Amino acid sequence: MIVPSHRLLCAAALALPALTAAGLYPSLLAPCAAVLAIFALVAIVDALAATHRIDALRTTTPPSLRFTKDVPAVLPITIENRATKPLLVQVAATLPEGVEAAHSPNPQPPTPNPLFFPPGPFLLNYPFTPHLRGDHPLPALHLETSSPLGLWLARANHHPPFTFRVYPNLRDRATAALFLKTADPGLRMRRQVGKGREFDNLRQYLAGDTYEDIHWKATARRGFPVVKLYRVEHAQEVYAVIDSSRLSAREGILDSYVNAALHLALVAERQGDRFGLVTFSDRTHRFLRARGGMDHFRLCRETIYNLRAQRVSPDFREVFTSLQLNLRRRSLLVFFTSLDDALLAETFEREVPLVARRHLVVVNVTRTSAMRQLFTGAPPESLDALYEGLAGQMLSNRMRTLALALQNRGVKLAVVDPERIKIEVTAGYLEVKRRQVL
């Protein structure tokens, strides 16, 4: 499309005196008409030239690129000028929701005029900052250039098939420490309880060894007492089970679950365990069997970076049945869900024995502002604040009762802060490893 520029409007305003003179003096009608006709012809030719200019511009982008949430980045746009002369072009992009543009594009390499495109291809890096995890298609790119005489502005909308792939932001100190080359960064030596249950080797009996560790077949074969040695179990299976139902639709909750699950995967990799992933809502959506290695971690990241909360109620019985059918080995199941709904919490308590009899279950519930106890913090300032505090106290009491009920079924419930969910979930996993309860 083409629109008139300020220069055309100013030139059109000069035609008003010519029309006035033609009306007052009939002898000037023919010259004034000729001048207006020439002006109109020039404007039409200039408009056609503007159309050819905008049609000579082509834009290309990669199909998709990976970015990190809340980390500034650039969108590489290749603009090809197929005209024979340089063009002054304005470039703008309609960014999707959750992607914020910077103040102005900064091309590489720099030129005297940032938007002065010579003939041929030119790379323009369009700066932006993504704030929402997941896939976000680029709606449109907008180009604008002027006609040769500057009477018109030609505009075009391009729709390149580009997708922003925004991944969770794991660039914090707790996660960065996992990539250090030291064996246990930030950890202190601590006595480990127990002797482990994974067989290591055999050795000759020594004074002080217990009779229960004697390997009787090897003793009979060798003719002297032989005992079995054990070591702490490695290569155990840890599964993060993420609830993506309406319980996780509140702002920031599902993002904290995704970040904590990926952080737990890295910690399990450092501990020599295998990590798996399960996502569910009203049904089980994805099930990744536990494996080790960074390739498997990347697969887990690809699986949940685009996870979205669905406005459905969770079906706990379905996910428990699925876990019971798919998991043959005793595993640690780390649930990420919200149980502040009384009916769903009752359903969870009733159905969790399906997997708690065979597996070790740890449930992480995010602490919300509604769980604040009445007699903590500043006193209520109004009657409405008092009623909100009473509701928070009742919810806190219900969560405490639920934690005791689940503890009687062999399930541990932990109420974690969204800001510290990585640290608290990791501490719970390392405590399980230390106590050897898995």
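What this report covers is the structure whose coordinates are included nearby. (Residues numbered from 1 in each chain as written. Predicted model: local features only at pLDDT ≥ 70, side-chain atom pairs only at ≥ 80, totals over all residues. Heavy atoms only, no water.)

**Describing unusual backbone geometry**
Note the cut-off: Secondary structure elements follow DSSP: runs of H or I of four or more residues count as helices, runs of E of two or more count as strands, with numbering from the N terminus. For every residue, the accessible area obtained with a 1.4 Å probe (protein chains only) is divided by the maximum for its type, and the residue is called buried under 20%, exposed over 50%, and partly exposed between those limits.
Of note in the backbone geometry, Asp70 takes a positive phi value of approximately 65 degrees without being a glycine. Mapped onto the elements of the fold, Asp70 is located in the loop between strand 3 (64–68) and strand 4 (73–81). Asp70 sits in the partly exposed class, given a relative accessible area of 41%.

**Let's talk about the side chain of Ser244**
As a reminder, the rule being used: Residues count as neighbours in contact if any of their non-hydrogen atoms are within 4.5 Å of one another.
Within the secondary structure layout, Ser244 lies in the loop between strand 15 (237–243) and helix 5 (253–270). Residue contacts for Ser244: discarding those within four places in its chain leaves Leu254, Phe280, Ser281, His285, Leu307, Arg308, Ala309 and Gln310.

**A look at the environment of Ser281**
Along the polypeptide, Ser281 turns up in the loop between strand 16 (274–280) and strand 17 (284–291). Separated by 35 residues in sequence, Ser281 and Phe316 place their C-alpha atoms 8.3 Å apart. Here Ser281 is in contact with Asp243, Ser244, Ser245, Gln310, Val312, Ser313, Pro314 and Asp315, once residues within four sequence places are set aside.

**Some words on the side chain of Thr61**
Counting through the fold element by element, Thr61 comes out in the loop between strand 2 (57–60) and strand 3. Discounting residues that sit within four places of it in the chain, Thr61 has contacts with Pro76, Ile77, Leu141, Pro160 and Phe162.

**With respect to the pairing of strand 15**
The line we're drawing: Strand pairing is assigned whenever DSSP identifies at least 2 bridges connecting the two strands.
Of all 7 residues making up strand 15, 7 are buried, and the element is well covered by its neighbours. Every second residue of strand 15 is oriented toward a common face, with Glu237, Tyr239, Val241 and Asp243 on one face and Val238, Ala240 and Ile242 on the other, all of them buried. Here strand 15 pairs with strand 16 via 7 bridges, running parallel. The residue of strand 16 that forms the bridge with Ala240 is Leu277. Inspection of the sheet shows strand 15 paired to strand 18 (residues 332–337) by 5 bridges, in the parallel sense. Looking at strand 18, one finds that Val241 is bridged to Phe335.

**A look at the sheet that holds strand 2**
Note the threshold: Here the axes come from fitting lines to C-alpha atoms, over the contacting stretch only for helices, and the angles between their N-to-C directions go from 0 to 180 degrees.
Pairing in this open sheet of 4 strands is antiparallel, and the strands run 2-4-8-6 from one edge to the other. Edge positions in the sheet fall to strand 2 and strand 6 (99–101), since each of these pairs with one other strand and no more. Strand-to-strand twist in this sheet, taken as the mean axis angle between neighbours without regard to direction, amounts to 40 degrees. Bridge count between strand 4 and strand 8 (residues 120–130): 9 bridges; the pairing is antiparallel. Considered in strand 8, the bridge of Leu75 is made with Tyr126.

**Quick notes on the pattern of salt bridges**
This is how the line gets drawn: Any Lys or Arg side-chain nitrogen located within 4 Å of an Asp or Glu carboxyl oxygen qualifies as a salt bridge.
Within the structure shown, the criterion is met by 18 salt bridges. In this structure, Arg434 and Glu431 form a salt bridge, with 2.7 Å as the shortest nitrogen-oxygen distance. Note that Arg434 and Glu431 are positioned in helix 11 (residues 421–435) at a spacing of 3 residues, about one turn of the helix. Judged by its relative accessible area of 21%, Arg434 falls in the partly exposed class. Accessibility expressed as a relative area gives 26% for Glu431, which makes it partly exposed. Taken together, the shared-partner salt bridges in this structure form one network comprising Arg66, Asp135, Arg165 and Glu302.

**Points about the packing of aromatic side chains**
Cut-off, in case you're wondering: Each Phe, Tyr or Trp ring, with Trp reduced to its six-membered ring, pairs with another whose centre is within 6.5 Å; inter-plane angles below 30 degrees give stacked pairs, above 60 give edge-to-face pairs, and intermediate values give tilted ones.
All chains considered together, the criterion is met by 14 aromatic pairs. Each ring, one from Tyr167 and one from Tyr305, has its centre 4.4 Å from the other, and the planes form 20 degrees; the classification is stacked. Remark: Tyr305 occurs in the loop between helix 6 (294–304) and helix 7 (316–326) and Tyr167 occurs in strand 12 (residues 163–167); sequence separation between them is 138 residues. Classification of Tyr305 by relative accessible area gives buried; the value is 4%. Measuring from centroid to centroid gives 5.6 Å for Phe320 and Phe335, while their planes differ by 70 degrees, and the two rings are edge-to-face. Separated by 15 residues along the polypeptide, Phe320 in helix 7 and Phe335 in strand 18 bring together distant segments of the chain.

**Some words on the packing of helix 7 against helix 8 (residues 342–351)**
Note the following rule: Angles below 35 degrees are treated as roughly parallel, those above 145 as roughly antiparallel, those between 65 and 115 as roughly perpendicular, and all remaining angles as oblique. Take the far helix as your reference; a near helix turned counterclockwise from it by less than a right angle gives a left-handed crossing, and one turned clockwise gives a right-handed crossing. The classification used treats Ala, Val, Leu, Ile, Met, Phe, Trp, Tyr, Cys and Pro as nonpolar, Asp, Glu, Lys and Arg as charged, and all other residues, Gly among them, as polar.
At a minimum axis separation of 9 Å, helix 7 and helix 8 run at an interaxial angle of 25 degrees. The pairing of helix 7 with helix 8 is recorded here as roughly parallel in orientation. In this structure, helix 7 meets helix 8 at a crossing whose hand is right-handed. Here Phe316, Arg317 and Phe320 of helix 7 lie close against helix 8, whose contacting residues are Leu344, Phe348 and Glu351. Of the residues contributing to the contact of helix 7 with helix 8, the split by class is 4 nonpolar, no polar and 2 charged.

**Digging into the nonpolar core**
Generally speaking, a soluble globular protein has its nonpolar side chains buried in company with each other. Convention followed: Residues belong to one nonpolar core when they are buried, are Ala, Val, Leu, Ile, Met, Phe, Trp, Tyr or Cys, and are joined through side-chain atoms within 4.5 Å.
Counting 34 residues, the largest nonpolar core has Ile242, Leu332 and Phe336 as the members making the most contacts within it. At the level of elements, strand 15, helix 5, strand 16, helix 6, strand 18, strand 19 (360–366) and helix 11 are the ones that each hand at least two residues to this core. Sort the elements by how many residues they give to this core and helix 5 lands first, with 12 residues. Membership of the second largest hydrophobic core comes to 33 residues, among which are Ala73, Val91, Leu141 and Phe164.

**What about a nonpolar patch on the surface?**
Condition: Within the patch definition used here, like charges are joined within 9 Å and nonpolar side chains (Val, Leu, Ile, Met, Phe, Trp, Tyr) within 5 Å, considering only residues with over 30% relative accessible area and no salt bridge. Note that accessible areas follow from Shrake-Rupley with a 1.4 Å probe, and for residues the cover is restricted to the protein chains shown.
On the surface, Leu383, Leu386, Tyr387 and Leu390 cluster together into a nonpolar patch covering about 380 Å² of accessible area. Structurally, Leu390 can be placed in helix 10 (residues 383–408).

**Regarding helix 11**
So the rule is basically this: Expected helix span is computed as 1.5 Å times (number of residues minus one). The directions from the helix axis to the C-beta atoms are what the arc is built from.
Here helix 11 is 15 residues long and its end C-alpha atoms lie 21 Å apart, about the 21 Å a rise of 1.5 Å per residue gives. Of the residues making up helix 11, those classed as buried are Ile421, Lys422, Val425, Thr426, Tyr429, Val432 and Lys433. For helix 11, the angular spread of the buried residues around the axis is 120 degrees, confining them to a single face. Downstream of helix 11 by a residue or two, Gln436 has a phi angle that is positive, lying close to 60 degrees.

Purely geometric numbers; function is a separate question.
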